[in-house]
Amino acid sequence: EGDTLAPPLNPKTGRRLSGTEILSLRELDGFDHFFNDVAEGAKLMGIGDLTITTEAGVGQFEVTMTHGPALHIADNVILLKELIKGTARNHGMAATFMAKPFSDESGNGLHTHFSVINQAGENIFCSQDKLQSAVAGCLEAFEASTLFFAPYVNSFERFVAGAHAPTSATWGYENRTAAIRIPAGNPSARRIEHRVAGGDVNPYLMLAAILGAALDGIENEMEPASPIVGNAYAVDGLPQIAEDWETAIDALEQSTIVPRFLHPELIKNLISTKRQELHYLGELSDSEKIELYLDTV
């Protein structure tokens, strides 16, 4: 699908980007006027400071926001995406958050770092038991929750082994091949990184699914399997992400886990909406699908 899209031009040189330059200051400098406008707009909109780096795909950049309460962050994700797309248009470019705009390049993820603070202001993930119970809850709801992390047909193009997106329900310490990573650092700042969602998700539904599953794990004192050490892509027999859009819809509809933390009417409405989308998308050509997703997600 993504082959009809052309990589962007470097605004300073006028040459089309042709290779990957991860963490490249030179490539970032080529887009400095655009990103300066994005950063300034973010401050004016109350989104806060941003950290911007080049990433693994051609013309791909990572934007990191300052942490905050979940609902506030969901609002900011929506605002930031619209800011970036609008600023890109003003600079004669197109910015997209499609999960997989280029079939041969890394897709766009929305990695979510979260911790839980109790009423005393303490991070409950300082407790290894609570941390692992939260991980276990996320893993148990993993397959049934896939639709919240991959809401469109293009979303599933991103889940390719070795392409910086997880393909199995796994967790590990400082392991970026796993779906859930526990970053290293000060125990007081202990957090979970949920690496499954694409850039095309609804952030409200995504955060509700992640935090609901984590809370379910904590309340039921669940225990996860042993953490993955090494390359998770190379391990056979692991529980996998739903393989396609229709399977993800079916998995949510059949789930007895997700209704424990999300309202049944919300689930029912989402399933009906996605079945309707699945039906009508089959009537579109590949180019029409790209046009549909390019600016709307």
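Before reading on, note that the structure itself is shown above.
Let us look at the structure shown here. (Residues numbered from 1 in each chain as written. Predicted model: local features only at pLDDT ≥ 70, side-chain atom pairs only at ≥ 80, totals over all residues. Heavy atoms only, no water.)

### Here's the deal with the overall build of the protein
The helix and strand inventory of the protein stands at nine helices and six strands. Its C-alpha atoms give the protein a radius of gyration of 19 Å, within 12% of the compact-globule value 19 Å for 297 residues. In terms of its C-alpha atoms, the protein occupies a principal-axis envelope of roughly 55 × 45 × 40 Å. Residue burial in the protein is summarised as follows: out of 297 residues, 46% are buried. The contacts in the protein between residues at least 6 apart in sequence include a share of 69% that link residues at least 24 apart. Within the structure as shown, the protein displays about 15,000 Å² of accessible surface, and the carbon and sulfur contribution to it stands at 51%. Averaging the positions of the 21 positive and the 40 negative side-chain charges in the protein gives two centres separated by 5 Å. (Helix = DSSP H or I, 4+ residues; strand = E, 2+ residues; numbered from the N terminus. Rg over C-alpha atoms; globule rule 2.2 N^0.38 Å. Buried < 20%, exposed > 50% of the residue type's maximum accessible area, 1.4 Å probe, protein only. Contact = heavy atoms within 4.5 Å. Areas by Shrake-Rupley, 256 points an atom, 1.4 Å probe, with all protein chains shown as cover. Lys, Arg positive; Asp, Glu negative; His and termini not counted. Charge placed at Lys NZ, Arg CZ, Asp CG, Glu CD.)

### Thoughts on the pattern of salt bridges
Enumeration according to the criterion identifies 14 salt bridges in this entry. Here R260 ties to E140 by a salt bridge, and the two come within 3.4 Å at their closest N and O atoms. You can see R260 sitting in the loop between α7 (245-254) and α8 (264-281) and its partner E140 sitting in helix α4 (residues 128-140), a full 120 residues away along the chain. Between E253 and R275 there is a salt bridge, with its nearest N and O atoms 2.7 Å apart. Residue E253 is found in helix α7, and its partner R275 is found in helix α8; the two are separated by 22 residues along the sequence. Connected through shared salt-bridge partners, E174, R176, R181, E193 and R195 make up one network. (Salt bridge = Lys/Arg side-chain N within 4 Å of Asp/Glu carboxyl O.)

### Notes on the packing of aromatic side chains
This structure, assessed with the given rule, holds seven aromatic pairs. Between F35 and F61 the ring centres are 4.8 Å apart and the planes differ by 65 degrees, which places this aromatic pair in the edge-to-face class. Taken as a pair, F35 in helix α2 (residues 32-44) and F61 in strand β2 (residues 61-65) lie far apart in primary sequence, 26 residues in all. These aromatic residues form a ring-pair network of at least three members: F31, F34, F35 and F61. (Phe/Tyr/Trp six-rings, centres within 6.5 Å; stacked < 30°, edge-to-face > 60°.)

No statement about biological role is implied by the geometric values presented.
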